[in-house]
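Structural overview
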Amino acid sequence: MSGYQGKKNIPRITSDRLLIKGAKIVNDDQSFLADIYMEDGVIKQIGDNLIVPGGVKIIEAHGRMVMPGGIDVHTRFQMPDRGMVAADDFYQGTKAALAGGTTMILDHVVPEPGVSLVAAFKQWREWADSKSCCDYSLHVDITEWNKGTPEEMEALVKDHGVNSFLVYLAYKDVFQLSDSEIYEVFSVIRDLGAIAQVHAENGDIIAEEQRRILELGISGPEGHVLSRPEEVEAEAVNRSVTIANQTNCPLYITKVMSKSAADVIALARKRGAVVYGEPISASLGTDGTHYWSKNWAKAAAYVTSPPLSPDPTTPDYLNSLLSCGDLQVTGSAHCTFQTSQRAIGKDDFTLIPEGTNGTEERMSLIWDKCVVTGKMDENQFVAVTSTNAAKIFNLFPRKGRIAVGSDADLVLWDPDITKIISAKSHNLAVEYNIFEGTEVRGGPVVVISQGKIVLEEGSLHPTEGCGRYISRKPFSDHVYKRIKARSRLTELRGVPRGQYDGPVCEVTVTPKVMSTVSSVKTSPAKQQQQQQQQQTGPQPVRNLHQSGFSLSGAQVDDNIPRRSTQRIVAPPGGKANITSLG
Amino acid sequence: MSPGRRGNGDKAEDDLPVYLARPGTADPVARQKHGGLFCSVEGAFESKTIDFDALSVGQRGSRTPRTVRRETGPQARSPASDREIPRGAERRRGDVSPRVEIRTSGGKEELQNLPDEKSDRLLIKGGRIVNDDQSFHADIYLEDGLIKQIGDNLIVPGGVKTVEANGKMVIPGGIDIHTHFQMPYRGTTTVDDFAQGTKAALAGGTTMIVDHVIPDPGCSLMEAYDQWRQWADEKTCCDYSLHVDITHWNDSVKQEVDSLIKEKGVNSFQVYMAYKDYYQMSNSELYEVFSFLAERGGIAEVHAENGEIIAEEQARMLQMGITGPEGHVLSRPEELEAEAVFRAITIASQTNCPLYVTRVMSKSAADIISQARKKGNVVFGEPITASLGTDGTHYWSKNWAKAASFVTSPPLSPDPTTPDYLNTLLSSGDLSVTGSAHCTFSVAQKAIGKDDFTQIPEGLNGVEERMTLIWDKAVTTGKMDENMFVAVTSTNAAKILNLYPRKGRIAVGSDADLVIWDTDSIRTITAKTHNSAAEYNVFEGMELRGAPQVVVCQGKIVLEDGNMHIISGVGRFIPCSPFPDFAYKRIKARKQLAVLRAVPRGMYDGPVSEFSLSRGGTPSASARTSPTKQPVRNLHQSGFSLAGNPAQCGENSPHISHISPTELLTYNISSLSTRTAVFTL
C-alpha cells in the first residue's frame, strides 16, 4: 500500500476521495478483480482504468481481497445494569469493532421496565451519537408489554427507523414476557413489518434451577451454566418458532449458543419457518469448560446468557451450520464488565453481570474457524459477517455489498496475518478476553469506514462521534416476501352451516360446581332432532351423517356464497391490525 | 410351536395364508376365465394351486368382507397345527362364534350366565396364549379370579366350565389407560357413566380402565378422589384404577398428592398445559410438580398444548366470525401441541421425572416424543383410539352435530395421513400405550357451544373400539405382530401403572382378565349398535377386522357369542404403587449420577463494584477506567479444571486436569443430559 505522497501513517486523511487499485472484490455472490473509487463516503465507481480526479489517495491492494465491512448485528455497548455500565462504551466498543474489520454495529436498546421505549431509544441515540466511531443502528428490546407499547413500537418503526424488536423468554420477573404477550408482540411486529428477535431461554425453569443450585451450595460461575442447561435454550427456541409460525412473523434468534438450539432452528427452517439464527463470536470461538476454572475472575468472565456450552465440540458444530446456511448471521453480543463489576456476584452466580467480548475478534475468528478450515469460502464469509445482516435488517445494498452507490465501508483483508488474541493487546477496557491465547489467521489490514481510512498498518484512527445512525425501513424484502405470500394464502373460512336448532343442554355459568347430575344417558336430543335441515330420513339423527364436509381452500362448492370472510391485504407499512393476517 | 417366534410366523395358526389354510375353499368363484388358449382344463387346479387373487387382496381376500364367520376354521385343517381340535365343536350355534365352545366338563350343557357358584372356575383349552414377549399353546385354568395353572394336560377339579379356544389367541384383557366416564362438566355429566362406559369397554375386550379424577381448581384432590371412587365402586363392571389431575398447585395440594401416593394407590398425576386461567399451570409450577413427583415415585402426565397461544387464537377465530367446530381445530394447530410436548419433555428431563404425554394427536407431537426417546428421555406417548383411527377433516362437516362430536383436545389432525403415521410409531415402540380418552357428550350437551366453538364440551368415544381398531390398523396391515399388540393395548400400561404382572400378562398368579381374540371377525362400527350412550360414533361406518369373541373379567365370562353378562358394581379399585420399575429404574440410576459439585475456589478478594439491586434508574458514568486492571491481570496464570474427583482437583496434577475435560465431555455428547454428564466422574 502506498499513500499518494508516499508518506505513511497520515493521522487524518483529509481527502475523502479514495481509490483502491488492483483489488479482488469479494461480495457474497462473486469475487472479481477491479478498482474501487469512492467519494463522500459512497462508492462511486467500480471497474478497470477508472477515470478519477487528481489528488486522490490511492491504496494498492495488490490483488488482496476487499470485502464489505463487517456488520456486528448484536452489541451492547455502554449497557446499564443495576447502576453499573458495561465497560466498553460506544467509543471503546466501536473502536474495537473497527480494529476487527467491522464497520457497522447494531446495538440493543434495553429500556428498564417502566421506561418508555421511545425515551430509552433517544437515550441510546444520544450516547451513541456522541461517541460512536462507525455507523450504527439500534434494535429495541421489549421488556414489558402494556397498552401503550404497540403505539410506541409503531412510532419507532415509522419515525425512528427501527425495524427489529427483541423479546426475552428469560429473566423471570424482570424482562420476561409470557407466551400470550409474545404472541401479541409478534402480531404487532408482523403488522409493522419488523423482525422479531428473541432471547431464547426458559426463564421459569432457570429460576427454579438457580434456586436449586444455590441450595446445593454451588455459588460460583459454574452454577450459571448448570442452572441454564442447553435443553432450556432449545425449548425456548422451539417455543418461539411455534409462536412465530402461528403469527406468521419472521423470527430471529439472538445468541445461538448450543448444538440443540441450532438444531431446532435448522429443523424449523427445513419445515419452512422464516427464522434466522445468530451465533456469536463466543459460541463460535470458545466453549463453556472455562466455567469450572479455579480462577473465579476468569470463570466469571465467561458468564453470558445463554451460557457457553460445556461441550467442546459446540463451536465446530455451529461453524458448520453457519457455513451451510442453517445459521445466517453473526454478532458478538459484546457486553463486557470489569472483574470488579462481575464481583458483585462473587457469592452468588445469579448476580454476576452477563456478557462477553467479541466484537473485535468476530471476523478473524470466523475466518480462522470457517474459511481456513475449508468450511466456507470467502463469499459465504462475506454473507455471514455482513451481507445477510444487511439483508435481514433492510440495509442492503447500502451496506453489506461492494457496489456503486453503496456506502464506502470496506475492509482490505489479509488471509495470512496471524495474531494471538490477548487481553494485553485488545482494544477493550476489560481485563479478560475470553479468547485469550487463541491464535487466529486472517485479519484486516486496511479498514475504511464512511470512505475514510480508520485502520492502516496496524494503527487505528477512529473519530469519536462520527458514526451516523442508520435508520432502517420496515418490510425488508429478504424477510417479508415470503411472509406476505403466506399471509395471502392463509385465509381462514368458516363452514357455512344452518343454524343448529336441536335441544341444548342447560349449563351452569360458573363451571366450578362439582355436583353431579344424574346420568343423562337418555338424552332427549336423540328423539327430537327432527328438522335438521333439508333432509328427512327414517331416523332423525342418522341423516345428519349425509352431509359432506369441505376443507377450507379451493373446493368444489366454492361457488356457494360463504359467510363473510376477511379478505387479507397487507399493504407495505400496513395497518396495525393484529387480526388482519393469517 | 416355538415360543420365541414373532412376525409372520406366529400367525401360522390362525392367520394362515389362504393357500395353506383352506386349500380349495378360499375362492368361491373359482377361476374367472375358462377355455382360453393358455388356460388349463377347467377345474384342473382347483384345490391345488395358490389363489393369487385372494392373496392380492389380503389374507382372506376374496370372501365378501362382511362375512362375519367362516364355515370352517383354518386351524382345523391347518397342517401347522400341532393340536388335536375337536372338529365337532365347530359347527354349532350358527351365527356368531363358530369356533369357541363353552361347556362344563361334566358334560352337562350349562349356560354360564346362570347363577352358578362354580362359574369362577374356568378352563380355557387349546388356546394360543399371547403375551407381549411370546406366544405359545397351553391351557389356562382360572379360579377365584386368578390364573392358577398354565400348561398342557392340567389337572383340574370336576365341574369346571371349559372354553374350547380351538387354537385361537388368548390375550391379556386390554387396559384402557385413559377414560373420562361420568365426568362432570358444568353441571352436566358425560353420557357414559361408569356402568355404561365399562360395559362398552368389556364389549371391546378391555377389562380394566383407568379413569381421570378431575378436581375443580381450588377443590381438594382427596375429596374429588373419594367422589370418583364412590361413583366408580357403585357402577363399574370391570376393575379400574384412577389418575388424579392436578388442576392447581400449592402446599396443601402437595400434601394431598403425597397421601394419594402413599395411602390411596394413585401413582400418576396429570397436569394441564392448556385451558388457560382454568387448569393450566405455569412452567414453574410444572417444574415443582414434576420435581415432587420424581421424588415420590409418581408418573407425571401432561395434557400438552400451549394454552396461552390457544387463547389468543380462539379470540382471533371468533373475531373472524368462525364459530363452528372447525374453529376448534383452527385455533389449536398441531404445532402448539408439539411445542407443549417439547416443553414438557424439557422440564421433565430437567427434573429427572418420568413423563407421560396423554393424547398424542398429531405427527409433530409424536415426532417430538420419538426424538426425545432417542435422546434418552424417559417419556411415554399415548395415542388414543381417535387419533389412531380417524382424522380431523370431519370438523368441516356441514352437519354441525357431527362436526361437534369430533371436538376433543388436542384436536384430531386435519392431515388424513396422521392415523397411519401414529400407528407406525406405535408399532415401532416410539409411542408406548393406547388409551381412548373416552369422554362422550350428547348432541344436546355439545350444543352448548352451538354459537361458539370454545364452549363445546370436549371429548369423543373410543373405549369400545380401541382394541379392534388397533388390530385392524396395525396388525392386519403388518405393522405390528400380536405380541406388540398385547404390549400396546395392555402390558405397557400395566407396567407404567406398576400393576405388572398382575395385569397385562397371562401368567400363573395374574388376574384372570382374558380375551379370546377372533382375528377374522369383521364388523362395522356404528352408533346404532355401539354400547356407548352417545348419538354419534366418530368411527361411524368403519369396517374393522378382529374382535373379542370371549371376554373373561375377574375370572367370569362377561362376553360370549355377542352376549354380555355384566354386573354393575363388581369392579374393584386396583391400587397402583409408586416407583414403577418400568419408568423408575432408569430414573434412579440417573439420579445417582447427577450429583452436582461446586468448584473449590479461594474467596475472591479483589475489588467489587457498587451496584443497586433494584434494576432501574439511569446508568452511572462510564466505568471504563476501573482501577482493577493491574491487580487482576495475574489471575490469568492459574489453570482450570472441571469439577471431577475433588481429590484429583486438589492435587492439581496437570495430566489429570488435562484429560478430564475431554473424557467428561465425551460422556456429555453421547449421553443424556448435560448435567448428568459433566458431573459424572
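Rules behind the numbers
Residues numbered from 1 in each chain as written. Chains lettered and ligands numbered in written order. Predicted model: local features only at pLDDT ≥ 70, side-chain atom pairs only at ≥ 80, totals over all residues. Heavy atoms only, no water. Helix = DSSP H or I, 4+ residues; strand = E, 2+ residues; numbered from the N terminus. Buried < 20%, exposed > 50% of the residue type's maximum accessible area, 1.4 Å probe, protein only. Areas by Shrake-Rupley, 256 points an atom, 1.4 Å probe, with all protein chains shown as cover. 1 Å grid on protein atoms, 1.4 Å probe; cavity = no way out; pocket = protein on both sides within 12 Å on 5 of 7 lines; lining within 4 Å. Points joined across faces, edges and corners; volume = space filled by probe spheres on them. Nonpolar A, V, L, I, M, F, W, Y, C, P; charged D, E, K, R; others polar. Pairing = 2+ DSSP bridges. Axes fitted to C-alpha atoms, helices over the stretch in contact; angles between N-to-C directions. UniProt positions renumbered as here; feature names shortened; annotations may be inferred. Polar contact = N/O pair within 3.5 Å; in protein donor to acceptor, adjacent residues only side chain to side chain. Contact = heavy atoms within 4.5 Å. Salt bridge = Lys/Arg side-chain N within 4 Å of Asp/Glu carboxyl O. Phe/Tyr/Trp six-rings, centres within 6.5 Å; stacked < 30°, edge-to-face > 60°. Lys NZ or Arg CZ within 6 Å of the ring centre and 35° of its normal.

Thoughts on the overall build of chain B
Secondary structure summary: chain B contains 22 helices and 19 strands in total. Here chain B holds 681 residues, and the buried ones make up 62% of them. Carbon and sulfur atoms form 52% of the exposed surface of chain B, whose accessible area is close to 24400 Å².

Section: the layout of surface pockets
For the largest pocket, the calculated volume is near 1200 Å³. Asn 245, Gln 246 and Thr 490 of chain A together with Pro 333 and Glu 335 of chain B are, among the 47 residues lining the largest pocket, the residues nearest its centre. Elements with a minimum of two residues in the lining of the largest pocket: α7 (230-247) and α15 (477-489) of chain A together with α8 (307-319), α9 (325-330), α10 (334-351) and α11 (363-375) of chain B. By residue number, the principal contributor to the lining of the largest pocket is α7 of chain A, which donates six residues. When grouped by side-chain class, the residues that make up the lining of the largest pocket number 23 nonpolar, 12 polar and 12 charged.

Side note on unusual backbone geometry
Put simply, Ser 305 of chain A and Pro 306 of chain A share a cis peptide bond, and its omega is -10°. Checked against the element boundaries, Pro 306 of chain A lands in the loop between α10 (296-301) and α11 (314-324). That bond from Tyr 500 of chain B to Pro 501 of chain B is cis: its omega, 0°, falls within 30 degrees of zero. Among the structural elements, Pro 501 of chain B can be located in the loop between α17 (482-496) and β16 (514-524). Of note, Ala 333 of chain A is a non-glycine position whose phi angle comes to about 50°, a positive value. Its location among the elements puts Ala 333 of chain A in the loop between α11 and α12 (339-342). With relative accessibility at 2%, the residue Ala 333 of chain A sits in the buried group. Its identity as a non-glycine residue notwithstanding, Asn 498 of chain B has a phi of 65°, on the positive side. With respect to the helices, strands and loops of the structure, Asn 498 of chain B is situated in the loop between α17 and β16.

Some remarks on the sheet that holds strand β7 (residues 174-179) of chain B
Sheet strands associate in pairs through backbone hydrogen bonding, adopting either a parallel or an antiparallel arrangement. Residue and element names in this part refer to chain B. With parallel pairing, seven strands are arranged side by side in an open sheet as β7-β10-β11-β12-β13-β14-β15. In this open sheet, the two edge strands, each paired with only one partner strand, are β7 and β15 (379-383). With strand direction ignored, the average angle separating the axes of adjacent strands in the sheet is 25°. Across four bridges, the pairing between strand β13 (residues 299-303) and strand β14 (residues 355-360) is parallel. Opposite Val 302, over in β14, you have Val 357 as the bridge partner.

A few points about the UniProt feature "domain: Amidohydrolase-related" (unreviewed entry) in chain B
Following the UniProt record, the feature "domain: Amidohydrolase-related" (unreviewed entry) maps to residues 169-558 of chain B here. Counted over residues 169-558 of chain B, helix gives 39% and strand 19%. Its end C-alpha atoms are 17 Å apart.

Considerations on the UniProt feature "domain: Amidohydrolase-related" (unreviewed entry) in chain A
Per the UniProt annotation, the sites labelled "domain: Amidohydrolase-related" (unreviewed entry) are residues 65-454 of chain A. Across residues 65-454 of chain A, the secondary structure splits into 39% helix and 19% strand, with the terminal C-alpha atoms separated by 17 Å.

So, the side chain of Gln 182 of chain B
Residue and element names in this part refer to chain B. Structurally, Gln 182 can be placed in the loop between β7 and β8 (184-185). For Gln 182, a relative accessible area of 7% puts it in the buried group. Among the polar contacts made by the side chain of Gln 182, one reaches the main-chain amide nitrogen of Phe 194 at a distance of 3.1 Å. Look past the residues within four positions of Gln 182 in its chain and what remains in contact with it is Thr 189, Thr 190, Asp 192, Asp 193, Phe 194, Trp 231 and Lys 235.

A word on the pattern of salt bridges
Residue and element names in this part refer to chain A. Summed over all chains, the structure comprises 57 salt bridges over all chains. Arg 239 is the salt-bridge partner of Asp 179, the closest N and O atoms lying 2.6 Å from each other. Note that Asp 179 is positioned in helix α4 (residues 179-192) and Arg 239 in helix α7, a separation of 60 residues in sequence. Look at Asp 179 and you get buried, because its relative accessible area is 6%. With a shortest N-O distance of 3.1 Å, Glu 209 and Arg 212 are connected by a salt bridge. Of this pair, Glu 209 and Arg 212 both sit in helix α5 (residues 203-215), separated by three residues, roughly a single helical turn. For Glu 209, a relative accessible area of 0% puts it in the buried group. Taken together, the salt bridges that share partners define one network made up of Asp 135, Arg 398, Lys 399, Asp 407, Asp 409 and Arg 468.

So, helix α1 (residues 90-99) of chain A
All names here are of chain A. Here α1 lies mainly inside the structure; 10 of its 10 residues are buried. Looking at α1, one finds that the buried residues are Phe 90, Tyr 91, Gln 92, Gly 93, Thr 94, Lys 95, Ala 96, Ala 97, Leu 98 and Ala 99. Check the buried side of α1 and you find it contacts β9 (102-109), α2 (117-131), β16 (439-449), β17 (452-456) and β18 (459-460). Backbone nitrogen of Tyr 91 and a side-chain oxygen of the N-cap are separated by 3.1 Å at the start of α1; the cap is Asp 89. Trailing α1 by a residue or two, Gly 101 shows a phi angle of about 100°, which is positive.

Section: the sheet that holds strand β11 (residues 164-168) of chain A
Residue and element names in this part refer to chain A. Here seven strands make up an open sheet; going across it, the order is β6-β9-β10-β11-β12-β13-β14 and the pairing parallel. With partners counted over all chains shown, the strands left at the sheet margins are β6 (70-75) and β14 (275-279), one partner each. In this sheet, neighbouring strand axes are inclined to one another by 25° on average, regardless of whether the strands run parallel or antiparallel. Inspection of the sheet shows strand β12 (residues 195-199) paired to strand β13 (residues 251-256) by four bridges, in the parallel sense. For Val 198, the partnering residue across the bridge sits in β13 and is Ile 253. Along the sheet face, α7 touches β12, β13 and β14 and points at about 170° away from the line of β13.

Describing the packing of aromatic side chains
Enumeration according to the criterion identifies 31 aromatic pairs over all chains in this entry. An angle of 35° between the planes, with centres 4.9 Å apart, marks the rings of Tyr 168 of chain A and Phe 175 of chain A as tilted. Between Trp 296 of chain A and Tyr 604 of chain B, the ring centres sit 5.0 Å apart and the planes meet at 50°, which makes this aromatic pair tilted. Residue Trp 296 of chain A is found in helix α10, and its partner Tyr 604 of chain B is found in the loop between α18 (581-593) and α19 (629-633); the two belong to separate chains. Counting every residue linked through ring pairs, the aromatic cluster contains Phe 77, Phe 90, Phe 121, Tyr 136 and Tyr 469 of chain A. In this arrangement the basic side chain of Lys 259 of chain A is found over the ring face of Tyr 317 of chain A, its NZ or CZ atom lying 5.3 Å from the centre. Taking the ring centre of Tyr 421 of chain B as reference, the NZ or CZ of Lys 363 of chain B above it sits at 5.3 Å.

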